[in-house]
Amino acid sequence: MKPDIKRIAVFTSGGDAPGMNAAIRAVVRTATYHDLHIYGISRGFEGMIKGSLNRLETKDVGNIIHRGGTILKTARSEEFKTNEGRKNAFESLLAYDIDACIAIGGNGTLAGADIFSKEYKIPFIGIPGTIDNDLFGTDSTIGYDTAINTAVDAADKIRDTADSHNRLFFVEVMGRHSGFIALNTAIGSGAGNVLIPETETSIDDLIANLKKGAKRKKLFSLVIVAEGNQNGDASEIAKKIKEKFDFYDTKVTIIGHLQRGGAPTCMDRVLASRLGFAAVEALVKGEQNIMVGIVDNKIKYTSFEDAITKEKPLDDDLLQMAYILGL
Ligand code: F6P
């Protein structure tokens, strides 16, 4: 049964991701098309607690589709994890007569939306926005494509200098819990080795691989390290390798938050536009407490519970391929 929805709010939460602005634009314009009043909440759940809501009109989202970051700003809210925080957030929504919310963010954002919508019976729709690509129920999350392009661009530049000096570089990319960025950066940049959270690669295995390369007169090498891998950060790993195998002069580069910024790729703009549009359409059809995603190029709805608890597996064949191609 379609609930009577007239006023909705949209917000971004957690780590920002390139393409979030394109999603906000699509949400605002689709809502306006359906004669819904739409409000933007500043700084995610923090702004919801503080009542930082502003009306958004079509013109407010002009000239943002190409911009990185989020015009609504974002935050990681500790207060929203408390009963008191969520109660205050609910009172803010009541004060503005908000009937439903659209949340753009990653795992933590959808987990917050899930608890809140169950507690206060407010319909929520989630849009997957995180560079990590670690949400079940969508082939890609908003920002992921831009992030891997940034990481590959950086790795290409490092390759030039690594080659000139015959050096071994450890290049750390983001991904606390998942290796999507690292694995695809490794394949795209032709790196010889990759360390990801999902698979254990011991320091000795890594050294064995590097030795194989050195034996074939490989004079430089790149190792892509996901920040959440099981051997520590790139500097720690570099130190451990150096102690046991000093054939190469070793350097470390952490790409860090560069991966979160910059203009979204066309892929991310299109993905964000489709998901923003689909989120409002879902609300209009009476859907609630689901994440909209795209699987095999089709819009798919996934319950919050599945989106946040089910694991999105990495393709083991890709890992094996990366290893073979990087030999
Ligand atoms: O979840 C996105 C992400 O960029 C992770 O890859 C990274 O570990 C984390 O956020 C960093 O968060 P913050 O910017 O809050 O330090």
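Residues numbered from 1 in each chain as written. Predicted model: local features only at pLDDT ≥ 70, side-chain atom pairs only at ≥ 80, totals over all residues. Heavy atoms only, no water.

The next point concerns the domain arrangement of the protein chain. Taken domain by domain, the protein chain consists of domain 1 (7–143 + 264–309) and domain 2 (145–260). Placing the centre of domain 1 and that of domain 2 at their C-alpha centroids yields a distance of 34 Å. Contact with domain 2 buries surface across domain 1, with I131, D132 and T265 losing the most and accounting together for 41% of the total. The closest approach of N and O atoms between D16 and R260, which form a salt bridge, is 2.7 Å. Viewed at the interface, domain 2 and domain 1 are joined by eight residue pairs in polar contact (both at pLDDT 80 or more). (Domains from an automatic or database assignment. Buried area = accessible area lost by both parts, 1.4 Å probe. Salt bridge = Lys/Arg side-chain N within 4 Å of Asp/Glu carboxyl O. Polar contact = N/O pair within 3.5 Å; in protein donor to acceptor, adjacent residues only side chain to side chain.)

For the structure shown, the criterion picks out 13 salt bridges. Close ionic contact of E78 with K81 constitutes a salt bridge, the shortest N to O distance being 3.1 Å. No difference in accessibility class separates E78 from K81, as the two residues are exposed. Salt-bridge contacts for E305 lead to K118; the nearest nitrogen and oxygen are separated by 3.8 Å. Taken as a pair, E305 in helix α10 (residues 304–309) and K118 in helix α4 (residues 107–120) lie far apart in primary sequence, 187 residues in all. A residue is classified by how much of its surface remains accessible, and K118, at 44% relative accessible area, is partly exposed. One network of salt bridges, with partners in common, ties together D114, K118 and E305. (Buried < 20%, exposed > 50% of the residue type's maximum accessible area, 1.4 Å probe, protein only. Helix = DSSP H or I, 4+ residues; strand = E, 2+ residues; numbered from the N terminus.)

Glancing now at the site of the ligand. Close to the ligand lie R76, T130, I131, D132, M174, G175, R176, E227, H257 and R260, which account for all nearby residues. At 2.7 Å from an oxygen atom of the ligand is found a side-chain nitrogen or oxygen belonging to D132. In this structure, R260 approaches the ligand through a side-chain N or O atom, which is 2.9 Å from an oxygen atom. Burial of the ligand by the protein chains amounts to 77% of its free accessible area of 400 Å². For the shell around the ligand, the per-class residue count stands at two nonpolar, three polar and five charged. (Near = heavy atom within 4 Å. Areas by Shrake-Rupley, 256 points an atom, 1.4 Å probe, with all protein chains shown as cover. Nonpolar A, V, L, I, M, F, W, Y, C, P; charged D, E, K, R; others polar.)

Quick look at the side chain of R167 now. Among the structural elements, R167 can be located in strand β6 (residues 167–173). For R167, a relative accessible area of 18% corresponds to the buried category. Of note is the side chain of R167, whose polar atom sits 2.7 Å from the side chain of D249. The residues contacting R167, other than those within four sequence positions of it, are A162, L219, F220, S221, Y248, D249 and K251. (Contact = heavy atoms within 4.5 Å.)

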